[in-house]
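# Tertiary structure, described
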Amino acid sequence: MSESIFRKKSVTQIMSDTGKSPTGEHSANLLKTLGVRDLTSFGIAAIIGAGIFSTIGRASVEGGPAVSLLFVFTAIACVFTALSYAQFASTVPVSGSAYTYAYVSFGEIFAWIIGWALILEYAVSNMVVAISWSEYFTSMLAGFGVKFPAYLSTDYGSALAAYNKVQTGGGIASEITSNERLLAEAFVQAPHWGDLRMIMDLPAGLITVLITYLVYRGIKESRTASNILVVLKLAVILLVIVAGAFFIKPENWSPFAPNGVTGVLGGVASVFFAFIGFDSISTTAEECKNPQRDLPRAMIYCLIICTVLYVLITLVLTGMVNYKELGVDDPLSYVFQKVNMDFVAGVISVSAVVAITSALLVYQLGQPRIWMAMSRDGLLWQKFSEIHPRYRTPSFATIMTGFLVAIPSLFLDMQFFIDLTSVGTFFAFILVCGGILYLDAKGLSKYSKFRVPYVNGKFIVGVGLLVALVLVVQSGHFMSSLSEKPLLGVFWLVWLGLSVGSFMFNFSLLPVLGILTNLYLMTELGISNWAIFIIWLIIGLVIYFTYGYRKSKLGDKNILV
C-alpha cells in the first residue's frame, strides 16, 4: 500500500483554519448559531428516539428487566468515547465528526472507512426512526377513528410473510398473531398489477421527505424545531415514569435476567444505534458559536441525561407488565393500555409521533455534514460540499440523504435495519478512542482545550487482562465462547496489545477502556450485521480507489510528521 495514503492532516493547520474547513474553503458560508443548550438538545433528540419509543421493547423480551443494565454498560462505553470525542472536538472544531478525527489521527484511508461506515449507520438509524414514526402515526390515527390503509403503512416482505403464514395455517392457529392477520389482509387488499402489489410504508417515506426539507431550509429552523420537540419528548417520558411508577408490580422484575448475560447483551443491536446521537453533535461543529467550549459539555450532558432516562423507562416498563409482553412496536402505549389507562396511552401515541420526529431531524442534519467534509477533501464528488447561497446548508448532500433514507423506508422491514446497525458505529468509536492515544503519543494533546482526564494505564490494563482471563478460564466457557463468537479472539488479542502498549508508552486508561468496551460489544452483534457491513465496506473501498484516492486533496495540505 502506498505510504502516501497514510499521511495525515496537520492539527496546527486545521486549528489555524478554525471556522473553515480543513481545506480552508466553504465553511465560512455555514451559519454559526448553536450554543451548548442547542447542542445538548440535538443530542437528546437523537439519542432518545426510536430506541426508547420502540426498540426498547424488543430488547426487553430477550433480556428482561436486566436490559436496564445494558443501557448502563453501553453508557459506560459511550462515556469513555464521549470524552475522546470531546477532546477531538475541542482540538479540531470542524464538521465531519469521527471522519475528521480519524483523518487527523490515522490518515486518509482510515478516515474514508469511518466516513463510509457512518454514512451507513446514519442512514440505517434514520430508517429505523422513520418506520417507528410511521407505526406510532397510524396508531394515533386509529385512536381518532381514522383507519389508514394497512397496505400503505407496512413493507412488502412483512405482508407477504404474514400472508404465507396464514395460508399455511402457521402450524398452530394460535401462533398467528392479530398483527400477522392484519398484515395478511393488507396483502390481499393491496392494489395489484399481475403479481406486483402496491405495498409500502408511505408515512415513513413522507416524514423523511418533510424533515429533509426542514433541514435543507436552514440550521436555525432545525434548531428551533429540535428544541421544541425535545421539551415535549422529555415531558412525555417523565409522564411515563411518574404515572407508570404507580402500576409497578415488583414480581414482574423476577427473574431479573431470565436469559442471563447472553439475553441482556443480545439486545445491543436494538439499543446501541441510538447512542450515535452524540456523534451527530460533533457534525455541527462549524455551526457552533464556541465549539471548543460547548461541544465537550453538550456531549457529556446529553449522555448523562439520556442514560438515566433509559434506565428508568426500562424499569418502569418491565415493572408494569411481564417482559415477555413487550415485543411490540409501541411499548410505551402498550403498557398503559394493559393497565386500562387508555387516555395516557393515547397521549403517548400522539406525543411519540412528534417526539420521534426530533430524532429523525438530527440524524438528517448530521449525515449531510459528513458527506460535505469528505467532499471537501476530494474523496466524494465536489457537489456534496456545495453550500446553498440563501439557506447556508449543504444542499445537495441533504437532498441525497433524503433519497437514501426515504426510499428504503418505504419498502423494507424495521428488523432488517436494526440488524444492520451498530457495527460501523462501534468501529468509529474505537478509532476515535485510539486517536486520543495517538495525539498523546505525538504530544498533540497540548492543542486541546478539553483533554480526556489522564490516568496512567501502565500496569492497570495488563493486570485487568490477567484477572479477566483467570475469571473466564475458571468459568469453563473460554473455548466454547471463542467457538461461538470468533471475534472474542480479536478482543483478547487487542487487549493484549493494549497491555503491552500501556506498559511501554504509559497509555491513558480511559481511551483504552473505550476501545475495549466498544470492541466487546461488537462481539455481541449477529452475523448479518457483519456480512452487510463487510459488503458495504468493499463497495466503499472500490469507490475510494477508483475516485477518492485519485481526486484527494491531501497533497495540498501540510503533513503531520
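Our subject is the structure that appears above.
Computed from a predicted structure; not experimentally measured.

Another point: helix H15 (residues 331–338). Among the eight residues of H15, six are classified as buried, and the element is accordingly described as predominantly covered. Following H15 by one or two positions, Asn340 adopts a phi angle in the positive range, close to 60°.

To continue, consider the state of the cysteines. Such a bond, covalent and formed between the sulfur atoms of two cysteines, is termed a disulfide. This model, assessed by the stated rule, comprises zero disulfides. Cys302 supplies the cysteine sulfur nearest to Cys306, a cysteine that is in no disulfide, at a spacing of 5.5 Å.

With that out of the way, let us pick up unusual backbone geometry. In this model, Ser254 is joined to Pro255 through a cis peptide bond whose omega is 0°. In this structure, Pro255 sits in the loop between helix H10 (219–245) and helix H11 (260–265). The phi dihedral of Asn340 is positive, around 60°, even though this residue is not glycine. Looking at the secondary structure, you find Asn340 in the loop between H15 and helix H16 (342–376). Even without being a glycine, Asn506 presents a positive backbone phi close to 55°. You can see Asn506 is positioned in the loop between helix H22 (487–505) and helix H23 (509–522). Asn506 sits in the partly exposed class, given a relative accessible area of 29%.

Quick look at the packing of aromatic side chains now. To describe a pair of aromatic rings, one takes the distance between the centres and the angle between the planes. Scanning the model with the defined rule gives 26 aromatic pairs in all. Look at Phe491 and Trp495: their rings are 5.6 Å apart centre to centre, the planes differ by 65°, and that puts the pair in the edge-to-face class. Of the two residues, Phe491 and Trp495 are both situated in helix H22; the distance of four residues between them amounts to about one turn of the helix. In this structure Trp495 comes out as buried when scored by relative accessible area, which is 13%. Through pairs of rings, three or more aromatic residues link up here, namely Trp112, Trp116, Trp536, Tyr544, Phe545 and Tyr549. Just above the ring of Phe503 sits the side chain of Lys458; from NZ or CZ to the centre is 4.5 Å.

Rules behind the numbers
Think of each chain on its own: its residues are numbered from 1, step by step along the sequence as written. For a predicted model such as this one, the threshold for reporting local features is a pLDDT of at least 70, and the threshold for listing and counting side-chain atom pairs is 80 or more; totals across whole chains, interfaces and linings nevertheless cover every residue. Water and hydrogen atoms were dropped before computing side-chain values, which therefore reflect all heavy atoms in the structure. Residue burial is assigned from relative accessible area. The probe radius is 1.4 Å, only protein chains are included, and a residue is buried under 20% of its type maximum, exposed over 50%, and partly exposed in between. Only DSSP runs of H or I with at least four residues qualify as helices, and only runs of E with at least two residues qualify as strands; both kinds are numbered from the N terminus onward. Here, two cysteine sulfur atoms that lie within 2.5 Å of each other are counted as a disulfide. Only Phe, Tyr and Trp rings are paired, with Trp represented by its six-membered ring, and only when their centres lie within 6.5 Å; those with planes under 30 degrees apart are stacked, over 60 edge-to-face, the remainder tilted. For a lysine, the NZ atom is tested; for an arginine, the CZ atom; a charge sits over a ring if that atom is within 6 Å of the ring centre and within 35 degrees of the ring normal.

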